[in-house]
Amino acid sequence: MERSYWWEQMVAMHKGGEYKVGAREKFQCSICGSSYTKNYDLRKHMKSHTGETFCHICQRSYSNVQNYRMHMLFVHKIGTGRQT
Ligand SMILES: [Zn+2]
Ligand SMILES: [Zn+2]
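The residue count restarts for each chain, going from 1 along the sequence in the order it is written. All chains are assigned letters beginning at A, and all ligands numbers beginning at 1, according to the order in which they are written. For this predicted model, a pLDDT threshold of at least 70 governs which residues receive local features, and a threshold of 80 or more governs which side-chain atom pairs are given and counted, while totals over whole chains, interfaces and linings are taken from all residues.

A. Quick peek at the UniProt feature "domain: C2H2-type" (unreviewed entry) in the protein chain. UniProt positions are given in the numbering used here, feature names are shortened, and annotations may be inferred rather than shown by experiment. The positions UniProt marks with the feature "domain: C2H2-type" (unreviewed entry) are residues 27-54. The span residues 27-54 is 43% helical and 21% strand by assignment, and the distance between its end C-alpha atoms comes to 19 Å. Secondary structure elements follow DSSP: runs of H or I of four or more residues count as helices, runs of E of two or more count as strands, with numbering from the N terminus.

Here it is as structure tokens:
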């Protein structure tokens, strides 16, 4: 009894060609491509593109980067801008 060698090769090739696309990070930013597992995180991230800024420490939002920088500097003692 002989098994056809070419057939086994064909089967092996087809099996090897199967790809499973993992769905690890479902929420992706359409602007910079950053991906997040939670919609909440993506929405928070999107605000950085729309101009609204979030303090990641106390979760307060700022419509203006200048206010955010002042907040970071005076409340958390973190300089977010250029460092000298
Ligand atoms: Zn982005
Ligand atoms: Zn803060």
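The structure having been displayed, the exposition proceeds.
B. Structural context of the environment of Val65. Topologically, Val65 is positioned in helix H3 (residues 65-75). Distance in space between the C-alpha atoms of Val65 and Phe54 is 9.2 Å, their sequence separation being 11 residues.

C. How the structure looks around unusual backbone geometry. Despite not being glycine, Gln59 shows a phi value in the positive range, around 65 degrees. Mapping Gln59 onto the fold places it in the loop between strand E3 (53-54) and strand E4 (61-62). Any residue surrounded by 20 or more other C-beta atoms within 10 Å of its C-beta is treated as buried, while 12 or fewer makes it exposed and the intermediate range makes it partly exposed; C-beta atoms here are placed from the backbone. On the neighbour-count criterion, Gln59 (8 C-beta atoms within 10 Å) is exposed. With a phi angle near 60 degrees, Lys77 is a residue other than glycine that sits in the positive phi range. The topology assignment puts Lys77 in the segment after H3.

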